Amino acid sequence: VINRQEILDRQANTIAEMVDSVPGVSLDNGSTPIGSSISIRGFGFNQVFGTDSKVQIQVDGAASNPEEIYRLGNQIFTEPDLYKSVEVIRGTVGSFEYGSGIIGGLIRLETIDALDLTGGEAGVAFNQTLGYFTNGDGFQSSSTLAIAPSDRVELLGNFTYREQGNPDDGNGDPIGNSEFELPSFLIKAGVYLDPNKEHYLRASFQQSTTADRDVPLDTFVTERDFFGNVDRDTTSQVAILRYNFNPVANDAVDLSAQFSYSNQKIDQTFILGSSTGGPGFDGLVSGLGNADLQFETYQFLLKNASFFSTGSVEHNLRTGIDFRSRRRADANSAPGGQDDRIAFFIVDDIQLARGLTFTPALRWEQQDVQAEPALDDGTNFTGSRDALMGGVSLRYELENGLAFFTSWAESRNLPILDDLENPVLRGQIEVGQTYEAGASFNRIGVFSANDALALKLNYYKSDVDSLSSTRGVASVETDGVEIEASYAMRSGFYFDVNASIISGDEIDADGVASDWRNLPQTTYQAALG
């Protein structure tokens with residue numbers, strides 16, 4: 001979890017840059033808001049389409065990431081300063097209350113609240129940050145106004161402007177196709193409906209936009225290529241209405257009902273004569289360059305958390321119903337359609353004995369999908385399917401702070417709208433299984449009275465069968481080790497060390513194995529402060 005203070009300290013340009021220090025997380029085009037992809041444990045990034053639906057993004061609990069967009073690969077397009085926390089969940093076992101098909105992992109973003117800035121009391125707070133960085137001649141300004149007429153009512157507004165030129169790489173050469181201007185805003189209002197603060201109602205709306213002129217259509221390249229250049233306007237919007245009921249005297253009820261709307265729209269105009277293939281090549285690629293893309297996601301989530309005991313066994317039970325309707329406008333290389341899903345999930349953290357926690361999780365999801373308009377073969381395709389998935393984890397912590405853990409999980413990725421044109425892929429369900437095992441140590445007062453030491457070693461192995469998101473690959477097998485260590489003193493001195501070591505194979509339809517083409521590099525990182 002990256003908290004608000006670290007978000008301000010990191011001064012990241014993008015959400016991708018915010019999470020790149022987490023072991024197992026790597027980036028593609030991470031320094032630009034458009035076209036960036038986040039890879040977790042070798043999934044999430046796709047060389048052809050940009051994303052593969054195995055890493056998901058949520059903003060205040062609302063699903064906001066699109067599916068495959070040819071050569072754009074955009075997973076999250078938003079301003080880092082709008083958030084108070086960023087949580088990275090690696091792997092599958094902790095993802096079943098958030099979605100299906102999550103094999104690489106999940107990134108959860110929570111926007112800032114007015115009462116956070118006023119200290120939970122009535123008052124007014126204003127926060128202004130200004131920033132400049134030399135590589136790329138970048139500038140950033142963020143203005144936040146928080147008004148709390150009482151400790152039960154909060155109003156917040158934020159406007160952030162960020163720009164960047166083309167930075168230089170380590171050799172001093174410019175990295176083209178990296179310029180951007182990113183104005184963003186967030187408005188948010190919340191009210192506790194009763195004096196005991198048991199009923200809470202909140203509404204929010206955020207928007208980020210950018211306008212790119214004469215830039216490569218392919219966001220993976222740094223200069224013009226045979227795809228040519230486009231003028232591109234991108235808009236990302238998230239609107240949320242949430243109700244919470246959390247009675248003080250009843251631990252069995254912590255109910256939330258949320259409706260959200262996410263919209264990402266990309267308007268493009270192809271620039272004639274810009275293709276390196278010559279004038280005759282313009283006719284082949286202009287359809288891609290003139291494609292206007294739009295993803296809309298409507299979601300209703302009803303969820304309850306309960307704390308209760310059955311004899312000497314304690315439970316933290318989360319149950320919920322998740323309905324999503326995803327709609328996409330028809331465009332070149334991006335078939336339009338509607339994908340409706342309803343899911344039920346149950347996750348129970350069961351404390352069997354002191355320090356011993358057993359967590360089973362289940363998710364059932366049903367999908368109804370329809371092509372709009374008719375497919376290239378003239379058929380008005382409709383389809384329906386469902387899948388059951390789940391996992392278990394076991395953790396045992398000793399009183400000295402040493403803990404051991406292991407887990408197994410299986411998730412299923414139902415076909416996406418991009419696969420409707422393919423008669424084979426539109427009926428194919430990807431199946432991913434992940435095993436994990438490791439140990440951790442977390443203790444205060446190791447070498448002195450108030451220092452803190454945290455260590456973690458984790459091994460994982462993931463197998464994905466019936467793969468449909470990478471051409472020519474039938475299955476993928478990956479395994480890796482994540483190492484994390486942190487030491488901090490009360491005086492403020494700290495250091496962090498972490499590493500991610502991963503390997504993987506892809507197997508084609510003939511059973512021939514080779515290196516997994518989307519495999520991230522091995523990384524070692526250290527921080528001293």
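Attention here is on the structure that accompanies the text.

About the cut-offs
- Residues numbered from 1 in each chain as written.
- Predicted model: local features only at pLDDT ≥ 70, side-chain atom pairs only at ≥ 80, totals over all residues.
- Heavy atoms only, no water.
- Helix = DSSP H or I, 4+ residues; strand = E, 2+ residues; numbered from the N terminus.
- Rg over C-alpha atoms; globule rule 2.2 N^0.38 Å.
- Buried < 20%, exposed > 50% of the residue type's maximum accessible area, 1.4 Å probe, protein only.
- Contact = heavy atoms within 4.5 Å.
- Areas by Shrake-Rupley, 256 points an atom, 1.4 Å probe, with all protein chains shown as cover.
- Pairing = 2+ DSSP bridges.
- Phe/Tyr/Trp six-rings, centres within 6.5 Å; stacked < 30°, edge-to-face > 60°.
- Lys NZ or Arg CZ within 6 Å of the ring centre and 35° of its normal.
- Salt bridge = Lys/Arg side-chain N within 4 Å of Asp/Glu carboxyl O.

### Brief notes about the overall build of the chain
Part 1 of the reasoning: Summing up its helical and strand segments, the chain has 4 helices and 28 strands in all.
Part 2 of the reasoning: Its C-alpha radius of gyration of 24 Å places the chain within 12% of the 24 Å reference for a compact globule of 529 residues.
Part 3 of the reasoning: In terms of its C-alpha atoms, the chain occupies a principal-axis envelope of roughly 75 × 55 × 50 Å.
Part 4 of the reasoning: Taken over 529 residues, the chain has a buried fraction of 52%.
Part 5 of the reasoning: Long-range pairs, those at least 24 residues apart, make up 60% of the contacts in the chain with a sequence separation of at least 6.
Part 6 of the reasoning: Total accessible area on the chain stands at roughly 22800 Å², and carbon and sulfur atoms take up 54% of it.

### Let's talk about the pairing of strand S22 (residues 402-413)
Part 1 of the reasoning: Here 8 bridges tie strand S21 (residues 382-397) to S22, and the two strands are oriented antiparallel to one another. Bridge pairing in S22 places glycine 390 opposite glutamate 410.
Part 2 of the reasoning: Here S21 folds back onto S22, and the loop between the two strands holds 4 residues, one of which, glycine 401, carries a positive phi near 95°.
Part 3 of the reasoning: Where S22 meets strand S23 (residues 430-444), 12 bridges bridge the pair, whose relative direction is antiparallel. Among the inter-strand pairings, glutamate 410 is bridged to a residue of S23, identified as glutamine 433.

### Digging into the packing of aromatic side chains
Part 1 of the reasoning: Evaluation of the coordinates by the stated rule reveals 9 aromatic pairs.
Part 2 of the reasoning: Centroid distance tyrosine 192 to tyrosine 200: 4.6 Å. Interplanar angle 40°. Geometry classified as tilted.
Part 3 of the reasoning: Its relative accessible area of 22% is what places tyrosine 192 among the partly exposed residues.
Part 4 of the reasoning: Given a relative accessible area of 11%, tyrosine 200 falls into the buried group.
Part 5 of the reasoning: Note on tyrosine 261 and tyrosine 298: the rings are 5.0 Å apart at their centroids and 45° apart in plane angle, and the pair reads as tilted. Residue tyrosine 261 is found in strand S16 (residues 255-270), and its partner tyrosine 298 is found in strand S17 (residues 293-310); the two are separated by 37 residues along the sequence.
Part 6 of the reasoning: Joined through ring pairs, the aromatic side chains of Phe226, Phe227 and Phe281 make up one cluster.
Part 7 of the reasoning: The residue whose ring lies beneath arginine 41 is tyrosine 460, and the NZ or CZ to ring-centre distance is 4.1 Å.
Part 8 of the reasoning: One residue, lysine 197, lies across the ring of tyrosine 192, its end atom 5.4 Å from the ring centre.

### Considerations on the sheet that holds strand S8 (residues 83-90)
Part 1 of the reasoning: Spatially, the 5 strands line up as an open sheet ordered S1-S8-S9-S6-S7, and their pairing is mixed. Looking along the sheet, the strands with just one partner apiece sit at the ends: strand S1 (2-3) and strand S7 (62-63).
Part 2 of the reasoning: Bridge count for strand S6 (residues 55-59) against S7 is 2 bridges, and the pairing is antiparallel. When the bridges of S7 are listed, glutamine 58 appears paired with alanine 63.

### Focus on the pairing of strand S19 (residues 337-353)
Part 1 of the reasoning: Pairing of strand S18 (residues 313-328) with S19 involves 15 bridges; the strand directions are antiparallel. Counterpart to glutamate 314 in the pairing with S19 is glutamine 351.
Part 2 of the reasoning: By the bridge criterion, 14 bridges tie S19 to strand S20 (residues 356-371) in an arrangement that is antiparallel. Each residue of the ladder has a partner; that of aspartate 340, found in S20, is aspartate 368.
Part 3 of the reasoning: Connecting S19 to the next strand, S20, in antiparallel fashion are 2 residues, including glycine 355 with a positive phi near 85°.

### A word on the pattern of salt bridges
Part 1 of the reasoning: Per the stated rule, a full pass over the model turns up 30 salt bridges.
Part 2 of the reasoning: A salt bridge links glutamate 97 to lysine 303; the nearest nitrogen and oxygen atoms lie 2.6 Å apart. Of this pair, glutamate 97 sits in the loop between S8 and strand S9 (105-111) while lysine 303 sits in strand S17, placing them 206 residues apart in sequence. As far as burial versus exposure is concerned, glutamate 97 and lysine 303 are alike and both buried.
Part 3 of the reasoning: Aspartate 113 is the salt-bridge partner of arginine 202, the closest N and O atoms lying 3.5 Å from each other. Here arginine 202 is found in strand S14 (residues 199-216), whereas its partner aspartate 113 is found in the loop between S9 and helix H3 (114-117), with 89 residues between them in sequence. In this pair, the class of arginine 202 matches that of aspartate 113, namely buried.
Part 4 of the reasoning: Several salt bridges share partner residues, and in doing so they unite Asp60, Lys84, Asp113, Asp116, Lys188 and Arg202 into one network.

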